[in-house]
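Per-entry structural report
Spelled out, the chains give:
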Amino acid sequence: MLTLYFSPGSSSMAPHIALHEVGAPFESRPISLAEKENRTPAYLAINPEGHVPTMLIDERALTEVAGILFYLAKRFPEAGLLPDDIEAQAQAVSWMSFIASTVHPARRQGLEHARAVYAIADQKLGDREWALGRYSIADIHLFRLFWRFSNSFKLVRTEFPNLYAHYDRMMARPAVQRTLAIESSIGYELPA
């Protein structure tokens, strides 16, 4: 049994999308960060960091977006979220490391720094349809952060043409549409 603890619109959106992509049955548990539900003793017993996402796999906790995405891709290979060959898998890890360590914290260093980092991501993506040349967990991870960035600031689409083309392709995916509908119906509590 899989259980996802998530906060709508947060980084946990990526594993939420992936769960819909793989089609696995799961229980969802929304956590309100505004209400500090991630700081309750019950939640801290599951994830002592108090972060989302947390995914329980038969009551065992798995945290961090990249770890959860990797697990889902490997556990449900028929979904095709991770290529079979080792070099392509290493490229997926490389993308997700870049997203987690460089892209994700960029907003905290100011808009201009974030723009510079997203310009690197735009160049790295290039005009490829997907980050690895085919749809993967790297695309899900990249999408969630660009979704947040593009919805937080007034950006010109021509500034990040490759990321916006990727964003548009992601927005057309049924798993993304389903996740956004669920999360928006709960309500986003994201800071500006």
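For the structure, check the block above.
All of the points below concern the structure found in this document. (Residues numbered from 1 in each chain as written. Predicted model: local features only at pLDDT ≥ 70, side-chain atom pairs only at ≥ 80, totals over all residues. Heavy atoms only, no water.)

1. Regarding the pairing of strand 3 (residues 54-57)
Of the two faces of strand 3, the one lined by T54 and L56 and the one lined by M55 and I57 are each fully buried. Sheet topology places strand 1 (residues 2-6) next to strand 3; 4 bridges connect them, and they run antiparallel. Across the sheet, residue L4 finds its bridge partner in strand 3, namely M55. In terms of strand pairing, strand 3 meets strand 4 (residues 60-63) through 4 bridges, oriented antiparallel. Its bridge partner being in strand 4, T54 is matched across the sheet by T63. Connecting strand 3 to the next strand, strand 4, in antiparallel fashion are 2 residues, including D58 with a positive phi near 50°. (Buried < 20%, exposed > 50% of the residue type's maximum accessible area, 1.4 Å probe, protein only. Helix = DSSP H or I, 4+ residues; strand = E, 2+ residues; numbered from the N terminus. Pairing = 2+ DSSP bridges.)

2. A few points about unusual backbone geometry
Along the chain, V52 connects to P53 via a cis peptide bond; the corresponding omega equals 5°. Inspection of the secondary structure puts P53 in the loop between helix 2 (41-46) and strand 3. Of note in this structure, D58 is not a glycine but carries a positive phi near 50°. Turning to its location among the elements, D58 is positioned in the loop between strand 3 and strand 4. Its identity is not glycine, yet E64 carries a phi of approximately 75°, on the positive side. The residue E64 is located in the loop between strand 4 and helix 3 (65-75) in this model.

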